[in-house]
Amino acid sequence: MKLPSGKRLVAVFALLVATTAVGVDRAAASPDPESAADCVVKQDGEVGATAGPTVWMAGDSTMANPRTTCPVGWGSRFDALFRDDVTVVNSAVAGRSIQTWLYEGNVKSTMDSSGECVVSPTTYAQRWLDMLNGMKAGDYLVIQFGINDGDRACPRHVGSARYQQLLGAMAKAAKDRGARPIFLTPVSAVRCSGSTAVGSRGFLTETTNAASANQVPVIDLHRLSYTLYNTLKLCPNNGDYTQGAVGAFFCNDHTHFEAAGAEQIARVVAKALRDQNISLATYLK
């Protein structure tokens, strides 16, 4: 085999070096689009998945995490419907109206001249302060009240205008932090008119009005829930909530959910996110 001359050898070597350099430059300028989009460099230099948003939840017992086997709030079944990079923080508390949730311990049992419960001092409950301190841009705030707010007596009583004002204040606080609020009308209890499940809650108009005024998406969970009850044929019912389909869905009452019922309500909310093209839906499994 004949070897190339010295000049030819030098030229071949230079060509190989140039070709290799171009390949390296192109590889550096064109990273894998999938891995680049889904990874960040941690402080210790390791590469890991980009953290998704936190979904903050505020509401009452129908949303709250369970303390016993029943009731089970639908919010406790929400996390399982999202991708692993999403964190759900459920701060719903049983028995609360929007005002007692926000001002725990500061809402008095007396009303002022306008018919609203006296709030003194007007400092927020720690649960709301902790939520606001942890909230970041890209997060979501899911709010569902309206079940206990119709109580005629203080401290749970909330009037129509006050309810809308407080929803608006929560929405603004979230938006100020770059988070996205979502309002829900209150989930329905099961109330039968013959063989048909019908609506059972108030504060529906107030919730939709507050959503419109504050440019917040609203899910009509009230309508969606009693529509589900009709699909499952939970009516007619003789008042026995321990047997059959209604017993599998509800605790021994007409309001609170067994685990299976809570899971179905959570899935109804997830479907509504998709159906209404609410951006949180992009993080669902």
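## Concerning the packing of aromatic side chains
Okay, so step 1: Following the criterion strictly, the structure yields 13 aromatic pairs and no others.
Okay, so step 2: Pairing W101 with W128 gives two aromatic rings, centres 5.8 Å apart and planes at 65°, and the pair type is edge-to-face. Note that W101 is positioned in helix α3 (residues 98-102) and W128 in helix α4 (residues 126-134), a separation of 27 residues in sequence.
Okay, so step 3: With a relative accessible area of 1%, W128 lands in the buried category.
Okay, so step 4: Feature note: the residues W101, Y103, Y124, W128 and F145 constitute an aromatic cluster, connected by ring pairs.

## A few points about the sheet that holds strand β3 (residues 54-59)
Okay, so step 1: Judged by pairing direction, the sheet is parallel, and its five strands sit side by side in the order β4-β3-β7-β8-β11 without closing on themselves. Two strands bound the open sheet, and with one partner strand each, they are β4 (87-90) and β11 (218-219).
Okay, so step 2: Judged from the two bridges that link them, strand β8 (residues 180-184) and β11 form a sheet pairing that is parallel. In the sheet register, F183 faces β11, and the bridge partner there is V218.
Okay, so step 3: Lying over the sheet, helix α6 (residues 204-214) contacts β8 and β11, oriented at roughly 160° with respect to β8.

## Topic: the side chain of D139
Okay, so step 1: Here D139 is to be found in the loop between α4 and β7 (140-144).
Okay, so step 2: Residue D139 is classed as buried on the basis of its relative accessible area, which comes to 0%.
Okay, so step 3: At 2.8 Å, the side chain of D139 and the side chain of K136 are in polar contact.

## Examining unusual backbone geometry
Okay, so step 1: Along the chain, S120 connects to P121 via a cis peptide bond; the corresponding omega equals -5°.
Okay, so step 2: In this fold, P121 is placed in the loop between β6 (117-119) and α4.
Okay, so step 3: Note the cis peptide between C235 and P236, where omega equals 0°.
Okay, so step 4: Its location among the elements puts P236 in the loop between α7 (221-231) and α8 (244-249).

## Considerations on the nonpolar core
Okay, so step 1: Of all hydrophobic cores here, the largest spans 43 residues; its most connected members are W74, F78, I182, Y229, F257, I265 and L273.
Okay, so step 2: Counting only elements with at least two residues in this core, the list comes to β3, β7, β8, α7, α8 and α9 (259-275).
Okay, so step 3: Sort the elements by how many residues they give to this core and α9 lands first, with eight residues.
Okay, so step 4: Excluding residues that lie within four positions of it along the chain, Y229 makes contacts with V187, S188, A189, V190, A197, L234, F249, F250, F257 and I265.

## Details of the packing of α7 against α9
Okay, so step 1: Running from N to C, α7 and α9 point in directions that differ by 125°, and their axes come no closer than 10 Å. When the interaxial angle is binned, α7 and α9 end up oblique. Regarding α7 and α9, the two cross each other, and that crossing is right-handed. Contacts between α7 and α9 pair L221, L224, S225, L228 and Y229 from the former with Q264, I265, V268, V269 and A272 from the latter.
Okay, so step 2: Counted by class, the contact of α7 with α9 contains eight nonpolar, two polar and no charged residues.

## Some details on the pattern of salt bridges
Okay, so step 1: Tallied over the entire structure, the rule returns nine salt bridges.
Okay, so step 2: In this structure, D220 and R223 form a salt bridge, with 3.6 Å as the shortest nitrogen-oxygen distance.
Okay, so step 3: Judged by relative accessible area, D220 falls into the partly exposed class, the value being 27%.
Okay, so step 4: Each of R96, E104 and R127 takes part in salt bridges that share partners, so that together they form one network.

## A few points about the confidence of the model for the protein chain
Okay, so step 1: Within the protein chain, residue pLDDT values average 87, and 82% of them lie at 70 or more.
Okay, so step 2: Low pLDDT, under 50, characterises residues 1-49; the stretch is placed with 16 contacts to residues that sit more than four places away or in other chains.

## Quick look at the state of the cysteines
Okay, so step 1: All told, the structure shown has three disulfides when counted by the stated rule.
Okay, so step 2: Shown here is the disulfide that connects C70 with C251, its sulfur atoms set 1.7 Å apart. Because the torsion about its S-S bond is -100°, the bridge between C70 and C251 counts as left-handed. Placement of C70 in the loop between β3 and β4 and of C251 in the loop between α8 and α9 is noted, with a sequence separation of 181 residues between them.
Okay, so step 3: You can call C251 buried: its relative accessible area is 8%.

Rules of the game
Residues numbered from 1 in each chain as written. Predicted model: local features only at pLDDT ≥ 70, side-chain atom pairs only at ≥ 80, totals over all residues. Heavy atoms only, no water. Phe/Tyr/Trp six-rings, centres within 6.5 Å; stacked < 30°, edge-to-face > 60°. Helix = DSSP H or I, 4+ residues; strand = E, 2+ residues; numbered from the N terminus. Buried < 20%, exposed > 50% of the residue type's maximum accessible area, 1.4 Å probe, protein only. Pairing = 2+ DSSP bridges. Contact = heavy atoms within 4.5 Å. Axes fitted to C-alpha atoms, helices over the stretch in contact; angles between N-to-C directions. Polar contact = N/O pair within 3.5 Å; in protein donor to acceptor, adjacent residues only side chain to side chain. Core = buried A, V, L, I, M, F, W, Y, C linked by side-chain atoms within 4.5 Å. Parallel < 35°, antiparallel > 145°, perpendicular 65-115°, else oblique. Left-handed = near helix turned anticlockwise from the far one by under 90°. Nonpolar A, V, L, I, M, F, W, Y, C, P; charged D, E, K, R; others polar. Salt bridge = Lys/Arg side-chain N within 4 Å of Asp/Glu carboxyl O. pLDDT = per-residue confidence, 0-100. Disulfide = S-S within 2.5 Å.

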